[in-house]
2 protein chains.
Amino acid sequence: MNEDLVVKLALQNWDREMTRFEKLLSEISDEDMLGEVSPGKNRGIYLLGHLIAASDSLRTLLGFGDKHYPDLEIPFIKTPDKSGQEMPSVKELKEIWKTNSTALNERLMQIPVSEWFTKHSSISEEDFAKEPHRNKLNVLFTRTIHQTYHAGQVALLVKK
Amino acid sequence: MNEDLVVKLALQNWDREMTRFEKLLSEISDEDMLGEVSPGKNRGIYLLGHLIAASDSLRTLLGFGDKHYPDLEIPFIKTPDKSGQEMPSVKELKEIWKTNSTALNERLMQIPVSEWFTKHSSISEEDFAKEPHRNKLNVLFTRTIHQTYHAGQVALLVKK
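Residues numbered from 1 in each chain as written. Chains lettered and ligands numbered in written order. Predicted model: local features only at pLDDT ≥ 70, side-chain atom pairs only at ≥ 80, totals over all residues. Heavy atoms only, no water.

## Things to note about the overall build of chain A
Summing up its helical and strand segments, chain A has seven helices and zero strands in all. If you list the helices and strands of chain A from N to C, you get α-α-α-α-α-α-α. Scaling as 2.2 N^0.38, a compact globule of 160 residues should have a C-alpha radius of gyration of about 15 Å, and chain A matches this with 17 Å. C-alpha extents for chain A along the principal axes are approximately 45 × 30 × 25 Å. Looking at chain A residue by residue over its 160 residues, the buried ones come to 51%. In chain A, the share of contacts with a sequence separation of at least 24, taken over all contacts with a separation of at least 6, comes to 70%. (Helix = DSSP H or I, 4+ residues; strand = E, 2+ residues; numbered from the N terminus. Rg over C-alpha atoms; globule rule 2.2 N^0.38 Å. Buried < 20%, exposed > 50% of the residue type's maximum accessible area, 1.4 Å probe, protein only. Contact = heavy atoms within 4.5 Å.)

## Here's the deal with the packing of helix α2 (residues 44–56) of chain B against helix α5 (residues 90–109) of chain B
Helix packing for two helices is described by the angle between their axes and how far apart those axes are. All names here are of chain B. Direction vectors running N to C along α2 and α5 enclose 25 degrees, while the axes themselves pass 10 Å from each other. The orientation of α2 with respect to α5, classified from their angle, is roughly parallel. Note that α2 runs across α5; the crossing there is left-handed. From α2, Ile-45, Leu-48, Gly-49, Leu-51, Ile-52, Ser-55 and Asp-56 reach across to α5, where they touch Val-90, Leu-93, Lys-94, Ile-96, Trp-97, Asn-100 and Leu-104. Residues that form the contact of α2 with α5 fall into these classes: nine nonpolar, three polar and two charged. (Axes fitted to C-alpha atoms, helices over the stretch in contact; angles between N-to-C directions. Parallel < 35°, antiparallel > 145°, perpendicular 65-115°, else oblique. Left-handed = near helix turned anticlockwise from the far one by under 90°. Nonpolar A, V, L, I, M, F, W, Y, C, P; charged D, E, K, R; others polar.)

## Things to note about the packing of aromatic side chains
Aromatic ring pairs are described here by two measures, namely the spacing of the ring centres and the angle between the planes. For the structure shown, the criterion picks out five aromatic pairs over all chains. Judged by centre distance (4.8 Å) and plane angle (55 degrees), the rings of Phe21(A) and Trp97(A) are tilted. With a gap of 76 residues between them, Phe21(A) in helix α1 (residues 2–26) and Trp97(A) in helix α5 (residues 90–109) connect regions that are remote in the sequence. Given a relative accessible area of 1%, Phe21(A) falls into the buried group. Note on Trp97(A): relative accessible area 0%, which makes it buried. With a centroid separation of 3.5 Å and 10 degrees between ring planes, the pair formed by Phe141(A) and Phe141(B) is classed as stacked. Taken together, the positions of Phe141(A) in helix α7 (residues 136–154) and Phe141(B) in helix α7 (residues 136–154) put the pair across two chains. By the burial criterion, Phe141(A) is buried, and Phe141(B) matches it. (Phe/Tyr/Trp six-rings, centres within 6.5 Å; stacked < 30°, edge-to-face > 60°.)

Written as structure tokens, this is what we have:
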């Protein structure tokens with residue numbers, strides 16, 4: 001019974017952070033998203049693309065199939081900001097954010113409770129036998145934490 | 001059996017974020033902690049005090065007894081940064097961070113697994129009956145998320 005609760009709790013925390021970020025995006029103009037979150041640091045556009053690519057990779061980690069936005073991996077994960085990579089516009093990325101987070105959330109809600117306690121795709125059977133807490137649920141928690149880390153940075157672009 | 005795993009997972013995520021932040025603090029000089037994380041935004045010293053005060057409040061929420069640093073509540077929780085409140089120095093706050101996080105971690109490790117699924121102190125019996133996922137474990141997750149949100153901001157003070 002507590003397993004149901006824990007999964008609910010994890011999904012609620014994920015959904016709340018994703019919803020908060022979408023609200024945050026609505027408060028920052030497309031132009032302001034081109035600014036650095038602090039002088040010399042990543043730009044808002046880069047962190048937005050980075051967060052879409054990171055959540056997209058949940059699809060392979062959790063066994064949903066292929067990524068939906070593999071083209072975002074090079075400009076937003078494999079290379080740092082301001083390294084001359086081509087990237088979609090802020091407007092396009094904001095639209096992708098919505099489409100991606102809605103589709104992903106629907107898919108996450110379909111995972112049966114017991115499956116959350118099984119291994120994710122990037123850990124071997126052998127390692128999982130030794131460290132069974134490295135399950136799908138843990139992936140969701142660590143991704144929630146990663147999402148929030150960068151959300152705190154993007155929030156600095158809100159003009160008071 | 002999965003309950004043990006979930007509690008382990010939650011404690012590991014908390015501890016990892018606290019350890020990361022301590023490493024981050026070691027990379028930022030006391031002088032740089034007096035700077036704003038982005039122009040016009042909170043200073044590093046404020047966020048450090050804010051995070052200590054926030055984790056200190058876990059003591060009352062989880063039923064450990066009184067807060068250890070109640071004096072930090074006014075300058076770092078009740079009032080915004082740069083509102084003229086007296087506060088400890090960065091050096092003192094860095095020391096408090098270590099003392100507090102070590103003591104808190106030891107205490108968290110002593111909580112029996114089953115207790116993590118009981119209500120925390122700021123939810124009524126009635127509400128908890130309706131929403132049993134609002135348990136002590138959830139408090140630990142949401143505080144881990146809060147910790148990380150501001151850690152992402154303080155990280156902007158690291159000089160590359």
